Number of protein chains: 2
Amino acid sequence: MPQRVEIVKKIMDSNDRLAQNNQAILDQHHVYGINLMASPGAGKTSVILETIKRLPAGIKLGVIEGDTAPVTIDADKIVAAGIPAVQINTGGDCHLDANMVGMALPELPLEELNLILVENVGNLICPAGFQLGTHANVLIASVPEGDDKPYKYPKIYRGLDVLIINKIDLTPYIDFRMDYFQQGVEMLNPGLTTFALSAKTGKGFDAWIAWLTDKVKAK
Amino acid sequence: MPQRVEIVKKIMDSNDRLAQNNQAILDQHHVYGINLMASPGAGKTSVILETIKRLPAGIKLGVIEGDTAPVTIDADKIVAAGIPAVQINTGGDCHLDANMVGMALPELPLEELNLILVENVGNLICPAGFQLGTHANVLIASVPEGDDKPYKYPKIYRGLDVLIINKIDLTPYIDFRMDYFQQGVEMLNPGLTTFALSAKTGKGFDAWIAWLTDKVKAK
């Protein structure tokens, strides 16, 4: 049997208070906020870009881009798609926190928006520990990452409101047992709202856009 | 232009001293140590399993498995392949550190080994900040993660001794500009030793195994 060496981590709390502040600001402006998390390369920016193309005309989107390095590759793509975007450079930190998002929110034209997508840093561990004050935590998993991720990164799956399974166009070329994956998800987060889609082909986007539209209209 | 909010992070130093201790222990036992890093799902365990199959008879391998959750999926696979493995559960932390590896080393039969692969936690950010006392930092990038990762996660690329590009079998189905990817790598880490391979088909493994064999023989 493999050995195990356990190290317990302390939990910070001031973040939760700042998250509450952020949510109050969003609510005041009738803006629905989403914390979009994923592993590096799961397709956060691609999903956002495809979402931009398909949003109904009444939905006015803003984007907050979290990056660990001072590169604007993703933010530039969003701006090129005609959407206001603010970049947060975490200076090497592995997640966004409520303080950073609180600093970014006033840089967006909140009066004109009714939806904000916050693209967190590509990471399946750190972001799970920090609420941002958004209304929903959404994770993008992707088929090439493998079907064992819920078992290995349980904390992030437990805190989700929505799961997106991206890159389903690659399913024929990859050994991904959807049953095993979904069994892991169900164990951690029973009945989790899930959308399987492909940002490359657009397949499966209709249901995700419908969900998003309902949430924004209810604000 | 997207805005940028800069937050500077403090750097810890006690880790480096513990890393030196680890390297002294490895050297004393003539064991070559590798810190194997990657994004979640890039194929660390698959590369290790394929490496186990192909190692020359004289090379005796041990594995340290870093996991953020108390699951032994990866460690079980290594043990099933007949290789001694120790699991470190970081209790939610996003990287291994020298202290954890120092606690795991005595659990392996160091006298019988000449190579140790340390499978770090799946993450492109945190592991870059913590030397473990191994002799080489190796990153496994994978084709489905996308060709922009060196630009987005520069710190981990700067600290590498070897880069493995895995899942090259998926190249026909994915828009991955190898030129753009390698240009980013070259900018951060000129002349970096790189192996492109597929843990699924075995393609490209010969050069990686030859490099590994040379390093172990030189100890």
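Bear in mind that the values here come from a model prediction, so they are computed numbers and not experimental data.

Sorry if this is basic, but what is going on with the overall build of chain A here?
When helices and strands are counted, chain A shows eight helices and eight strands. Rg of the C-alpha trace for chain A: 17 Å, near the compact-globule value of 17 Å for 219 residues, within the 12% margin. Each principal axis of the C-alpha atoms in chain A carries an extent, and together these give about 55 × 40 × 35 Å. A buried classification covers 49% of the 219 residues belonging to chain A. Partitioning the intrachain contacts of chain A with sequence separation of at least 6 by distance along the chain shows that 78% fall at a separation of at least 24.

Honestly, helix α8 (residues 205-218) of chain A in this entry has me stumped. Any pointers?
Structural remark: α-helix, 3.6 residues per turn; residues separated by three or four positions point the same way. Residue and element names in this part refer to chain A. Its 14 residues give α8 an end-to-end C-alpha distance of 20 Å, which sits within 8% of 20 Å, the value for a rise of 1.5 Å per residue. For α8, the full list of buried residues reads F205, W208, L212 and V216. Along the axis of α8, the buried residues cluster in a sector spanning 70°; they form a single face. Every exposed residue of α8 that faces more than 90 degrees away from the buried side is listed here: D206, A210, D214, K217 and A218. The inward-facing, buried residues of α8 abut β2 (32-38), α2 (44-54), β5 (115-119), β7 (162-166) and β8 (193-196).

Before we go on, may I ask you to explain the nonpolar core in this structure?
When a protein is soluble and globular, its nonpolar side chains tend to lie buried together. Ranked by size, the top nonpolar core spans 120 residues in total, and within it L139(A) and L139(B) carry the most contacts. For L139(A), the contacting residues outside a window of four places in its chain are M37(A), A38(A), I156(A), Y157(A), L160(A) and L163(A).

In this structure, what is going on with the relation of the copies chain B and chain A? I would like to understand it.
Both copies of the chain are tied together by a single rotation about an axis and a shift running along it. Overlaying chain B on chain A yields an RMSD of 0.0 Å, the required transformation being a rotation through 180° with an accompanying axial translation of 0.0 Å. Such a combination of rotation and displacement between the chain copies is what one expects of a two-fold axis. Comparing interface residues between copies, 100% of those in chain B also sit at the interface in chain A, which points to an isologous, same-surface contact.

Sorry if this is basic, but what is going on with the sheet that holds β2(A) here?
To summarise the sheet geometry, strands pair through backbone hydrogen bonds and adopt either a parallel or an antiparallel arrangement. Residues and elements named next belong to chain A. Here we have seven strands laid out as an open sheet, ordered β4-β3-β5-β2-β6-β7-β8, and parallel in their pairing. The open sheet has two edge strands, β4 (85-89) and β8, and neither has a second partner. Geometrically, the sheet is characterised by an average inter-axis angle of 20° between neighbouring strands, direction not taken into account. Relative to β5, strand β3 (residues 61-67) runs parallel, the two sharing five bridges.

Is there a simple way to explain unusual backbone geometry in this structure?
Apart from glycine, the bulk of residues carry a negative phi angle, and the bulk of peptide bonds sit in the trans form. At K167(A), a position not held by glycine, the phi torsion is positive, near 65°. Within the element layout of this structure, K167(A) appears in the loop between β7 and α7 (178-188). Phi angles above zero are rare outside glycine, and H30(B) is one such case at about 55°. Here H30(B) lies in the loop between α1 (14-28) and β1 (32-38).

Mind showing me how you'd approach the interface of chain B and chain A here?
Note on interface size: it is often stated as the accessible area lost on association of the parts. Listed by partner, the interface residues are 54 residues for chain B and 54 residues for chain A. Broken down by secondary-structure element, the contributors of at least two residues to the side of chain B that touches chain A are β2 (61-67), α3 (73-80), β3 (85-89), α4 (98-104), α5 (149-152) and α6 (154-158) of chain B. Of all the elements, β3(B) adds the most residues to the side of chain B that touches chain A, at five residues. By residue class, the composition of the side of chain B that touches chain A is 28 nonpolar, 13 polar and 13 charged.

Where do I start with the environment of D74(B) in this structure?
Residue and element names in this part refer to chain B. Following the sequence through the fold, D74 ends up in helix α3. A count of 24 C-beta atoms within 10 Å places D74 in the buried class. Counting along the chain gives 59 residues from D74 to G133, while the straight-line C-alpha distance between them is 22 Å. When sequence neighbours within four positions are dropped, the list of residues in contact with D74 reads T45, E65, D67 and E119.

Honestly, the environment of L108(B) in this entry has me stumped. Any pointers?
All names here are of chain B. Looking at where L108 falls in the secondary structure, it is placed in the loop between α4 and β4 (115-119). Exposure remark for L108: the 19 C-beta atoms within 10 Å place this residue in the partly exposed category. Separated by 45 residues in sequence, L108 and V63 have C-alpha atoms that sit 8.3 Å apart. Contacts of L108, omitting those with residues within four sequence positions, involve G62, P84, V86, L113 and I116.

Could you clarify how one ought to interpret the confidence of the model for chain A in this entry?
Segments scoring low in pLDDT should not have their predicted coordinates read at a detailed level. Residue and element names in this part refer to chain A. Of all residues in chain A, 95% attain a pLDDT of 70 or more, and the chain-wide mean is 93. A low-confidence stretch, residues 7-12 stays under pLDDT 50, and its non-local contacts, those more than four residues away or across chains, total eight contacts. Per the prediction output, this complex has pTM 0.89; the corresponding ipTM is 0.85.

Calculation rules
Residues numbered from 1 in each chain as written. Chains lettered and ligands numbered in written order. Predicted model: local features only at pLDDT ≥ 70, side-chain atom pairs only at ≥ 80, totals over all residues. Helix = DSSP H or I, 4+ residues; strand = E, 2+ residues; numbered from the N terminus. Rg over C-alpha atoms; globule rule 2.2 N^0.38 Å. Buried ≥ 20, exposed ≤ 12 C-beta atoms within 10 Å, placed from the backbone. Contact = placed C-beta atoms within 7 Å. Expected span 1.5 Å × (residues − 1). Arc of directions from axis to C-beta. Core = buried A, V, L, I, M, F, W, Y, C linked by C-beta atoms within 7 Å. Least-squares fit on C-alpha atoms with pLDDT ≥ 70 in both. Pairing = 2+ DSSP bridges. Axes fitted to C-alpha atoms, helices over the stretch in contact; angles between N-to-C directions. Nonpolar A, V, L, I, M, F, W, Y, C, P; charged D, E, K, R; others polar. pLDDT = per-residue confidence, 0-100.

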